[in-house]
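One letter stands for each residue in the lines below.
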Amino acid sequence: MSVEYGNAEKLVAIYNELDAYMEKSLSNLQKEAPYGYARRIDRLSETGNKTIQTYRALLKSYGELRNAIVHDYKGDERIIAQPMTEEVLKFEELKNIVI
């Protein structure tokens, strides 16, 4: 991890871990999980996942933050913003609660 993009890379890694967890959780409920991050949050909340229900809005906010710091240009993700360390730590705590 480069020093220049440390917090952004950490936040994206946390996002990717949560996204993979949610995709796997949904695949256990159905054959396909074709949803994006925000829809996975909604779907898991609808299935009665109490943790996701509790943190639904916050999870979506961090998803929006991830989208704000990463710009996908022709299939090449580029970091265009840097999140605050405090927010990265909060997102990591949230990931640990969810997973």
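To be clear, the structure that these remarks concern was listed above.
Remember, predicted model here, so these are calculated numbers, not experimental data.

Honestly, the pattern of salt bridges in this entry has me stumped. Any pointers?
Between side chains of opposite charge, a pair can form as their charged atoms come close. Taken as a whole and assessed by the stated rule, the structure comprises nine salt bridges. Between Glu-46 and Arg-43 there is a salt bridge, with the nearest N and O atoms lying 3.9 Å from each other. Of the two residues, Glu-46 and Arg-43 are both situated in helix α2 (residues 37-46); the distance of three residues between them amounts to about one turn of the helix. When its relative accessible area of 22% is taken as the criterion, Arg-43 is described as partly exposed. Note that Glu-86 and Lys-90 form a salt bridge whose closest N and O atoms lie 3.2 Å from each other. Of this pair, Glu-86 and Lys-90 are both found in helix α4 (residues 85-98), four residues apart, which corresponds to roughly one turn of the helix. Taken together, the salt bridges that share partners define one network made up of Asp-19, Glu-23 and Arg-40.

Any chance you could explain the environment of Met-22 here in plain terms?
As for its placement among the helices and strands, Met-22 is situated in helix α1 (residues 6-27). Of the residues examined, Met-22 reaches a relative accessible area of 0% and is grouped as buried. In sequence terms Met-22 and Ile-41 are 19 residues apart; their C-alpha atoms lie 7.5 Å from each other. Residues within four places of Met-22 in sequence aside, it is in contact with Tyr-37, Arg-40, Ile-41, Leu-44 and Ile-52.

It is not clear to me how the packing of α1 against α2 should be interpreted in this structure. Could you clarify?
In a packed pair of helices, the relevant descriptors are the angle between the two axes and the axis-to-axis distance. At their nearest, the axes of α1 and α2 sit 10 Å apart, and the two run at 45° to each other. Relative to α2, the element α1 lies oblique. In the packing of α1 onto α2, the handedness of the crossing is left-handed. Contact residues: α1 offers Tyr-15, Leu-18, Asp-19, Met-22, Glu-23, Ser-25 and Leu-26, while α2 offers Tyr-37, Arg-40, Ile-41, Arg-43 and Leu-44. Split by residue class, the contact of α1 with α2 holds seven nonpolar, one polar and four charged.

Cut-off values and rules
Per-chain numbering applies: the sequence of each chain, read as written, is numbered from 1 onward. Predicted model: local features are reported for residues with pLDDT of at least 70 only, side-chain atom pairs are reported and counted for 80 or more only, and whole-chain, interface and lining totals are derived from all residues. In computing side-chain values, all of the structure's heavy atoms are included and hydrogens and water are not. Salt bridge criterion: a side-chain nitrogen from Lys or Arg within 4 Å of a carboxyl oxygen from Asp or Glu. Per the convention used, a helix needs a DSSP run of H or I reaching at least four residues, while a strand needs a run of E reaching at least two, with both numbered from the N terminus. The cut-offs for exposure are 20% and 50% of the maximum accessible area for each residue type, with area from a 1.4 Å probe on protein chains only; residues under the lower value are buried, those over the upper are exposed, and the others partly exposed. It only takes one pair of heavy atoms within 4.5 Å for two residues to be counted as in contact. For helices, the axis comes from a line fit to the C-alpha atoms of the stretch in contact; other axes are also lines fit to C-alpha atoms, and the angle between any two N-to-C directions lies between 0 and 180 degrees. Angular relationships are summarised with four words: roughly parallel below 35 degrees, roughly antiparallel beyond 145, roughly perpendicular across 65 to 115, and oblique for the angles in between. Each crossing is labelled by how the near helix is turned from the far one, with a counterclockwise turn of less than a right angle marking it left-handed and a clockwise turn marking it right-handed. As a working rule, the residues Ala, Val, Leu, Ile, Met, Phe, Trp, Tyr, Cys and Pro are called nonpolar, Asp, Glu, Lys and Arg charged, and the rest polar, with Gly in that last group.

Keep in mind that these numbers describe shape and distance, not what the molecule does.
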